[in-house]
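Listed below, chain by chain, are the residues.
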Amino acid sequence: MTSIAVCPGSFDPITFGHLDIITRGAKVFDQIYVVVLNNSSKKPLFSVEERIQLIRESTKDIPNVVVDSFQGLLVDYAKSVKASAIIRGLRAVSDFEYEMQITSMNRVLEEDIETFFIMTNNQYSFLSSSIVKEVAKYGGNISELVPHPVKNALKEKYTSKE
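Described in the following lines is the structure provided in the data block. (Residues numbered from 1 in each chain as written. Predicted model: local features only at pLDDT ≥ 70, side-chain atom pairs only at ≥ 80, totals over all residues. Heavy atoms only, no water.)

**Here's the deal with the nonpolar core**
Test applied: Grouping buried Ala, Val, Leu, Ile, Met, Phe, Trp, Tyr and Cys residues that are joined through side-chain atoms within 4.5 Å yields what is termed a nonpolar core. For every residue, the accessible area (1.4 Å probe, protein chains only) is compared with the maximum for its type, and the residue is labelled buried under 20%, exposed over 50%, or partly exposed between those bounds. Strands are runs of DSSP state E lasting at least two residues, helices are runs of H or I lasting at least four, and both sets are numbered from the N terminus onward. Working rule for contacts: check all heavy atoms of both residues, and any pair within 4.5 Å makes them a contact.
Ranked by size, the top nonpolar core spans 35 residues in total, and within it Ile-22, Ile-32, Ile-87 and Leu-154 carry the most contacts. Those elements that place two or more of their residues in this core are strand S1 (4–9), helix H1 (16–28), strand S2 (31–37), helix H2 (48–58), strand S3 (65–70), strand S4 (85–90), helix H5 (129–137) and helix H6 (148–160). Apart from residues lying up to four places away in sequence, Leu-154 is in contact with Pro-13, Leu-45, Phe-46, Val-132, Lys-133, Ala-136 and Ile-142. Counting residues in hydrophobic clusters, the runner-up holds 13 residues, among them Tyr-33, Leu-74, Tyr-77 and Ile-113.

What follows is the structure, encoded as structure tokens:
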């Protein structure tokens with residue numbers, strides 16, 4: 001039996017913190033679907049298609065990763081790919097309360113899908129896509145925060161807006 005997990009997020013853009021969670025999850029599960037959430041309440045810098053491409057480039061060396069996108073309920077997507085698990089990364093205690101609410105609701109909707117929390121590596125505990133975008137916007141060095149393709153894409157986005 002193949003173990004399949006879904007690792008959802010907005011990934012706007014993907015960071016080394018995200019990659020840490022994805023890489024570690026890929027060691028536990030046979031297949032990981034990294035799925036871009038199309039959240040209508042957020043105004044992303046990158047389109048869904050751009051985010052998918054950046055994730056594909058950033059995870060190309062992880063053979064058991066599939067990159068996709070979804071709209072709607074995460075548990076419905078998970079069922080559609082026959083996933084038995086959802087992987088969520090936690091940076092700090094402040095993430096836990098929100099994640100616990102989401103996990104509890106997902107359990108109500110689909111009790112057969114388990115959520116696994118992975119604590120991020122300490123070196124990425126401060127890292128968020130929002131912080132990366134802010135630093136990149138003002139020309140700061142983001143080399144240790146994001147993969148090279150993301151660094152280039154951010155530079156292109158912010159230089160084209162000037």
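Picking up where we left off.
**A closer look at the side chain of Asp-12**
Definition in use: Residues adjacent in sequence count toward polar contacts only when both atoms are side-chain atoms; beyond that, a polar contact is any pair of N or O atoms within 3.5 Å, and within protein one must be able to donate a hydrogen and the other to accept it.
Considering the arrangement of structural elements, one finds Asp-12 in the loop between S1 and H1. Residue classification places Asp-12 among the buried positions, given a relative accessible area of 5%. In this structure the side chain of Asp-12 is engaged in a polar contact, spanning 2.8 Å, whose partner is the backbone nitrogen of Leu-45. Excluding anything up to four places from it in sequence, Asp-12 contacts Pro-44, Leu-45, Phe-46, Arg-51, Ser-129 and Lys-133.

**Considerations on H2**
The condition is simple: Note: the arc covers the axis-to-C-beta directions of the helix.
Buried within H2 are the following residues: Val-48, Arg-51, Ile-52, Leu-54, Ile-55 and Ser-58. The arc enclosing the buried residues of H2, seen along the axis, measures out at 165°, which places them on a common side. Contact partners of the buried residues in H2: H1, S2, S3 and H6.

**Quick notes on helix H4 (residues 93–109)**
Quick note on the threshold: For a helix, the expected span equals 1.5 Å multiplied by the number of residues minus one.
Over its 17 residues, H4 runs 25 Å from end to end, which matches the ideal 24 Å to within 8%, given 1.5 Å per residue. Turning to H4, its buried residues number three or more, namely Asp-95, Glu-99, Thr-103 and Asn-106. Of the surrounding elements, those touching the buried residues of H4 are helix H3 (74–80), S4 and strand S5 (114–119).

**Here we look at the sheet that holds S2**
For the record, the criterion: Two strands qualify as a pair provided that DSSP identifies no fewer than 2 bridges between them. All axes here are fitted lines through C-alpha atoms, helices being fitted over the stretch that makes contact, and every angle between N-to-C directions spans 0 to 180 degrees.
Spatial ordering of the open sheet is given by S3-S2-S1-S4-S5, a layout of 5 strands whose pairing is parallel. The sheet is open, and its two edges are formed by S3 and S5, each paired on a single side. Strand-to-strand twist in this sheet, taken as the mean axis angle between neighbours without regard to direction, amounts to 30°. Pairing analysis gives 6 bridges linking S2 to S3, with the strands arranged parallel. Bridge pairing in S3 links Leu-37 to Phe-70. Its contacts with the sheet place H1 against S1, S2, S3, S4 and S5, and it is angled at close to 125° to S5. Across the face of the sheet, H4 comes into contact with S4 and S5 while running at roughly 170° to S4.

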